[in-house]
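Summary of the model geometry
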Amino acid sequence: MKICVYPGSFDPVTNGHLDIIHRASRLCDKLIVAVLVNSSKTPVFTLDERVELIKRVVKDLPNVEIESFSGLLIDFMRRKKATVIIKGLRAVSDFEYELQMALLNKTLYPAVETLFMMTSISYSYLSSSSVREIAKHGGNIDELVPECIKEDIVKKFKAQPV
Ligand code: PNS
């Protein structure tokens with residue numbers, strides 16, 4: 001059984017993440033979307049909110065599970081008997097950091113492979129931080145996040161002081 005893990009902060013999940021989840025789910029028996037609990041960045045959405053938003057957008061994908069993790073990704077991978085890390089690459093600027101992570105993870109856990117998937121061109125400009133920035137200022141996020149979670153994101157920022 002080929003188990004792949006797609007890790008991230010998902011603060012919040014975007015159409016770019018969803019595109020990778022769809023495509024990666026076709027490459028493995030089980031895809032675990034792993035939501036990082038303790039990011040050095042302070043997330044806007046709580047862990048429960050981030051998990052719940054992803055659950056809603058992947059509900060039609062039977063081989064996708066959502067879990068959270070803290071600590072090292074490779075320890076989570078070992079626990080789940082997963083051997084492939086899925087990462088999305090949007091631009092050359094993502095590459096250097098991702099290469100470093102892939103090499104460090106390989107050093108810590110030699111059985112692991114990091115599989116880079118090129119983000120679809122229409123989402124190459126998209127990031128959770130840009131979604132947060134636009135939503136915070138009342139901009140239109142229709143093209144950036146799945147329809148079924150849009151209202152939750154808009155509401156979250158209405159409830160927050162700017
Ligand atoms: O969505 P993000 O914030 O870019 O995701 C980053 C993530 C969660 C993939 C990365 O920070 C991570 O793997 N964190 C877990 C801690 C870890 O294993 N760090 C060592 C990597 S060498």
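Structure: see above.
Just so it is clear, the model here is predicted, and its values are computed rather than measured.

For the rest of this paragraph, the subject is the sheet that holds strand β5 (residues 113-118). Pairing is parallel across the open sheet formed by five strands, whose spatial order is β3-β2-β1-β4-β5. The strands lining the two open edges of the sheet, one partner per strand, are β3 (64-69) and β5. Each strand axis lies, on average, 30° off the axis of its neighbour in the sheet, ignoring direction. Where strand β1 (residues 3-8) meets strand β2 (residues 30-36), six bridges bridge the pair, whose relative direction is parallel. Residue pairing for β2: valine 5 is matched across the bridge by isoleucine 32. On top of the sheet, helix α4 (residues 92-108) reaches β4 (84-89) and β5; it is set at about 175° to β4, its chief contact.

Moving on, we come to the side chain of glutamate 98. Mapping glutamate 98 onto the fold places it in helix α4. Residue classification places glutamate 98 among the buried residues on the basis of a relative accessible area of 12%. If near-sequence neighbours (up to four positions away) are discounted, glutamate 98 is found in contact with Lys87, Leu89 and Phe116.

Turning our attention to the packing of aromatic side chains. Pairs of aromatic rings are described using the distance from one ring centre to the other and the angle between the two planes. Tallying each qualifying case throughout the model produces three aromatic pairs. Both rings, one in phenylalanine 45 and one in phenylalanine 157, keep their centres 6.1 Å apart while their planes meet at 70°; by these two values the pair is edge-to-face. On the criterion of sequence distance, the pair formed by phenylalanine 45 in the loop between β2 and α2 (47-57) and phenylalanine 157 in helix α6 (residues 147-158) is long-range, its members being 112 residues apart. The ring of tyrosine 109 carries arginine 78 above its face, with NZ or CZ at 4.5 Å from the centroid.

Let's shift gears to the pattern of salt bridges. Across all of its chains, the model carries 12 salt bridges by this definition. In this structure, arginine 23 and aspartate 19 form a salt bridge, with 2.9 Å as the shortest nitrogen-oxygen distance. Separated by four residues within a single helix, arginine 23 and aspartate 19 lie in helix α1 (residues 15-25), roughly one turn from each other. By relative accessible area, which is 13% here, aspartate 19 ends up buried. For glutamate 52, the salt bridge is made with arginine 56, and the minimal N-O distance between the two is 2.9 Å. A residue pair is termed a helical-turn pair when its members lie 3 or 4 positions apart in one helix, as glutamate 52 and arginine 56 do in helix α2 at four residues.

Here the focus is the site of the ligand. Within the structure, the ligand sits among 13 residues, and Gly8, Ser9, Lys41, Gly71 and Leu73 are positioned closest to it. In isolation the ligand offers 550 Å² of accessible surface; the protein chains occlude 76% of this area. With respect to the detected pockets, the ligand is housed in the largest pocket. Mapped by element, the contributors of at least two residues to the shell around the ligand are β1 and α4. Top element by residues in the shell around the ligand is α4. It accounts for three residues.

Where burial is concerned, most of β2 is hidden: five out of the seven residues are buried. Assessed by its sense of winding, the connection that carries the chain from β1 through α1 to β2 is right-handed. Here six bridges tie β2 to β3, and the two strands are oriented parallel to one another. Within β3, the residue paired with leucine 36 across the bridge is phenylalanine 69.

The rules we used
- Think of each chain on its own: its residues are numbered from 1, step by step along the sequence as written.
- It should be noted that, the model being predicted, local features are given only for residues of pLDDT at least 70 and side-chain atom pairs only at 80 or more, the latter also being counted only at that level, while totals for whole chains, interfaces and linings use all residues.
- Neither water nor hydrogens contribute to the side-chain values; these are computed over all heavy atoms in the structure.
- For two strands to be treated as a pair, DSSP must find no fewer than two bridges joining them.
- Only DSSP runs of H or I reaching four residues or more are called helices, and only runs of E reaching two or more are called strands; each is numbered from the N terminus.
- Axis geometry follows a simple rule: fit a line to the C-alpha atoms, using only the stretch in contact for helices, then measure angles between N-to-C directions, giving values from 0 to 180 degrees.
- By definition in these notes, contact holds between two residues if any of their heavy atoms fall within 4.5 Å.
- Only protein chains enter the area calculation, which uses a 1.4 Å probe; residues under 20% of their type maximum are buried, those over 50% are exposed, and those in between are partly exposed.
- Classification of ring pairs uses Phe, Tyr and Trp, with its six-membered ring standing for Trp, and accepts pairs whose centres are within 6.5 Å; under 30 degrees between planes counts as stacked, over 60 as edge-to-face, and the remaining range as tilted.
- Placement of a charge over a ring requires the Lys NZ or Arg CZ to be within 6 Å of the ring centre, with the centre-to-atom vector within 35 degrees of the ring normal.
- The working definition used for a salt bridge is a side-chain nitrogen of Lys or Arg within 4 Å of a carboxyl oxygen of Asp or Glu.
- Whether a residue is near a molecule or strand is decided by its heavy atoms; if any one of them lies within 4 Å of it, the residue is near.
- Accessible surface area values rest on a Shrake-Rupley calculation with a 1.4 Å probe, where residue burial reflects the displayed protein chains alone.
- The definitions used throughout rest on a 1 Å grid laid over the protein atoms alone, on which a cavity is an enclosed set of points accommodating a 1.4 Å probe that cannot get out and a pocket is an open set flanked by protein within 12 Å on both sides along at least five of seven lines; lining residues are those having an atom within 4 Å of a point.
- Occupancy of a cavity or pocket is assigned to a molecule whenever over half of its atoms lie within 2 Å of that pocket's grid points.
- Every crossover in which the path from the first strand over the helix to the second runs clockwise, viewed with the strands pointing away from the viewer, is termed right-handed.

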